[in-house]
Amino acid sequence: MTAPELTTTPEPQQQSGQRKLLPVVPALPPDMTPEPRGKNLMDFPLFRRVMKSPLYPRVFQWAVLAGFVFVGYQLLAGPDTAHQNMGTVLMWVIWWPLIPILFFLMGRFWCAICPFATINDWVQKVVGLERPVPPFLKKYGIWLIDASFIAITWADHMWGVVASPWGSGVMVLLLTTAVVVSGALWQRRAFCRYLCFLGGVAGNYSQTAMVTLRANEKICKTCTSRAVCYNGSAAVPGCPLFSFPRTLDSNANCNLCANCIKNCPNDAISVTARKPTQELWFMDKPRVEVASLAMAIMGIVLIQNLSMLSVWPAILAAIGSAIGTTYYPVVFTVAFAIAIAIPVGLLALASKVAAARGSEGIWQNFGRFGYALIPLDVAAHMAHNLFHLLSEGKAVFFTAFPLFGLEMPTDSPALLGSSAIQVLQFTLLALGIAASLYACYRIARRRYPTTEVHRRVSAPYYALVIALGLLNVWMFTLPMLHRV
Amino acid sequence: MSQSGDESTATPVPAEQAPSGSPTSTHGSSHDTARDEGADHGSAAATVATPDEAGRRVVLASFGTLNLLVIAAAGILRLNGRGAGAKKQAKQAARSVPPVTTGTTRTDDHFGGNA
């Protein structure tokens, strides 16, 4: 056991000029207890049968692929206006708002049934060269995901991709081409793991998920199957996301495809229910790039909200007068950069303060506590999209009318009233703020078991969570535009 | 708290019916009038213009051709043995057991066909 390190806390200089030291606080070594396992869902015979069935997740893949083809056809060949196009409504009013909820409930399950993954598998099966993934992608893949997510959001604002069925359709075609290239060249689902921006978001959000897949280390130690869970067998492929179940300690790179469950000869894989966000409290090797993505998502939600609010033109005008131009691309790009920089900068600032109070540097703190902001991220994202889902949800029925030769109704597309939606949004935000605060507390307590130290270190992050939470609350009090 | 209004009368207004001089939103071609209290949320951003029928066909044909070319090129490489070699190499690598580094999921750093 490591000897407890001793820390001293300098106190402000006394009037006499003498420097007085506080009593020495012995700092305990970090707590390294592993994440506890919850109820194993594999103990339920029906669940077990489903996971082991060759039809899982194939049946879902087929259904989703059929929906994808329909949406693609509508986007590319359907009505030109967003509010009349069923593809746009299904994609941006139904699917996009539901996806963070799915990540929260079931981790990256969507990635197992995603139509792009299915296309990747088909191309790979027919013509795949199965070359190893380039080291560059492995090393910088998550940064590419960060950059591409920011770039896509910027492009959407610049060219109105979401508001244009054709624009959304072309985006889908571009992604399909990228997936075809990746499937033709590289092994497994390299695109999903290293390039997909939604996969990056999924990896981030799924760490808050309520189900998780893990292997039983005790059984794995005695396994003689040469990692068939990872490598695959003649009947079932290996892990599509390059994860070795025995060392898996995060949901970020598991899509619950159940390949490892089917391949494992020892029944060592469990799918367990757990407390939401629990994984974040037990993160021992945080990565700065993941924390950066969390902050970038926070910035993106910020700009998405702001650009749909009544204050948006005033913000643009203020920026325009500050930089001396009214040229929209320049003004918007500056606004966008500021929105992304705010959460990143605030986390860096909090980390700098924390670094002076604990024994880790700024970037270590940035990585470690950046994970604590993920629950607030998820909540803000859900709250934003909940507005679109519940205030425009009926549009999916309305846009179906013309498909049957009927006239499209002009009623309100709202499923719920504004007040009810707002109550749900604030409830979600309150839960997100509470979960992020608690995650800060747990992360600090695990790293610094000494009460005094973990309080000092976590204080700036509490302030950050509250500041970002209140910013979101303020935004949701203002009128917001519809998506379609 | 101004996301209020007469919820039952919230009616979408398509962009093409919006008052002239009112730019449309980046994200929406319609407005919920009940929530649109004094808010001309519009920006100067445009929406991707849909090309005419011929333009659409050109774009779709280009994407189709590009994807088919990629698939054909990969297929030819595989038939010529280059892909098969890589596949064989990858399969051989995949027969080894990944290193067991507790506390990391970054198996791919050591493994994933590059072993």
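Note on numbering: residues in each chain are counted from 1, in written sequence order. To label them, take the chains in the order written and letter them from A, then take the ligands in the order written and number them from 1. Residues qualify for local features only when their pLDDT is at least 70, as the model is predicted, and side-chain atom pairs are given and counted only at 80 or more; totals for whole chains, interfaces and linings, by contrast, use all residues. For the side-chain quantities, the full set of heavy atoms in the structure was used; hydrogens and water were omitted.

Draft legend 1. How the structure looks around unusual backbone geometry. All names here are of chain A. The step from Tyr 56 to Pro 57 runs through a cis peptide bond, and the omega angle for that step is 0 degrees. Strands here mean DSSP runs of E at least two residues long; helices mean DSSP runs of H or I at least four residues long; both are numbered from the N terminus. Tracing the backbone through its elements, the reader meets Pro 57 in the loop between helix H1 (45-52) and helix H2 (58-77). Residues other than glycine seldom take positive phi values, yet Arg 188 does so here, at roughly 45 degrees. Looking at the element boundaries, Arg 188 is found in the loop between helix H7 (165-185) and helix H8 (190-194). Judged by its relative accessible area of 16%, Arg 188 is buried. Buried means the residue's accessible area, taken with a 1.4 Å probe over protein chains only, is under 20% of the maximum for its type, while exposed means over 50%, and partly exposed covers the values in between.

Draft legend 2. Quick look at the environment of Pro 245 of chain A. Residues and elements named next belong to chain A. Looking at the element boundaries, Pro 245 is found in the loop between helix H11 (228-231) and helix H12 (259-263). Accessibility expressed as a relative area gives 4% for Pro 245, which makes it buried. In this structure the C-alpha to C-alpha distance between Pro 245 and Ala 268, which are 23 residues apart in sequence, comes to 9.5 Å.

Draft legend 3. Local environment of helix H5 (residues 115-127) of chain A. Take the number of residues in a helix, subtract one, and multiply by 1.5 Å to get its expected span. The end-to-end C-alpha distance of H5 of chain A, which contains 13 residues, comes to 18 Å, matching closely the 18 Å that a straight helix rising 1.5 Å per residue would cover. Every buried residue of H5 of chain A is accounted for by Pro 115, Phe 116, Ala 117, Thr 118, Ile 119, Asn 120, Val 123, Gln 124 and Val 127 of chain A. The criterion used for residue contact is that any of the two residues' heavy atoms lie within 4.5 Å. Buried residues along H5 of chain A sit against H2, helix H4 (109-113), H7 and H8 of chain A together with helix H1 (53-79) of chain B.

Draft legend 4. Quick peek at the packing of helix H18 (residues 374-392) of chain A against helix H21 (residues 451-476) of chain A. Residue and element names in this part refer to chain A. At a minimum axis distance of 11 Å, the contact between H18 and H21 shows a crossing angle of 0 degrees. Taken together, H18 and H21 sit at an angle that is classed as roughly parallel. Each of Leu 376, Ala 380, Ala 383 and His 384 in H18 lies in contact with H21, whose residues at this interface are Val 465, Leu 468, Gly 469, Asn 472 and Phe 476. For helices, the axis comes from a line fit to the C-alpha atoms of the stretch in contact; other axes are also lines fit to C-alpha atoms, and the angle between any two N-to-C directions lies between 0 and 180 degrees. Each angle is binned into one of four classes, with values under 35 degrees roughly parallel, values over 145 roughly antiparallel, values of 65 to 115 roughly perpendicular, and all other values oblique.

Draft legend 5. Summary view of the confidence of the model for chain B. Residues and elements named next belong to chain B. A score between 0 and 100, pLDDT records how confident the predictor is in each residue. A residue-level look at chain B finds 30% of positions with pLDDT of 70 or above and a mean pLDDT of 57. Scored below 50 in pLDDT, residues 1-44 shows 118 contacts in the model against residues more than four places distant or in partner chains. Here residues 102-115 is modelled with pLDDT under 50, and outside its nearest four sequence neighbours on either side it reaches 48 contacts, counting other chains as well. For this predicted complex, the interface confidence score (ipTM) comes to 0.78, while the overall pTM stands at 0.81.

Draft legend 6. Main features of the environment of Gly 64 of chain B. Mapping Gly 64 of chain B onto the fold places it in helix H1. Placed 11 residues apart in sequence, Gly 64 of chain B and Glu 53 of chain B show a C-alpha to C-alpha distance of 16 Å.

Draft legend 7. Representation of the nonpolar core in the model. Residue and element names in this part refer to chain A. Core analysis: the biggest nonpolar cluster contains 137 residues, and Trp 110, Leu 213, Ile 261, Leu 373 and Leu 376 have the highest contact counts within it. The greatest single-element share of this core, amounting to 12 residues, is contributed by helix H14 (residues 288-306). Beyond its immediate chain neighbours, meaning those up to four positions away, Leu 376 contacts Met 298, Leu 429, Gly 432, Ile 433, Ser 436, Val 465, Leu 468 and Gly 469. Working definition of a nonpolar core: buried Ala, Val, Leu, Ile, Met, Phe, Trp, Tyr and Cys residues. They are joined through side-chain atoms within 4.5 Å. With 6 residues, the next largest nonpolar core counts Met 86, Val 89, Ala 395 and Val 396 among its residues.

Draft legend 8. Geometry of a nonpolar patch on the surface. All names here are of chain A. Patch criteria: residues need more than 30% relative accessible area and no salt bridge. Like-charged residues are merged within 9 Å; nonpolar side chains of Val, Leu, Ile, Met, Phe, Trp and Tyr are merged within 5 Å. We get accessible surface area from the Shrake-Rupley algorithm with a probe of 1.4 Å; when it comes to residues, only the shown protein chains can shield them. We count a salt bridge whenever a side-chain nitrogen from Lys or Arg sits within 4 Å of a carboxyl oxygen from Asp or Glu. A cluster of nonpolar side chains, contributed by Phe 70, Phe 397, Phe 401, Leu 403, Phe 404 and Leu 406, occupies part of the molecular surface with about 620 Å² of accessible area. Here Phe 397 is to be found in helix H19 (residues 395-398). What makes Phe 397 exposed here is its relative accessible area of 53%.

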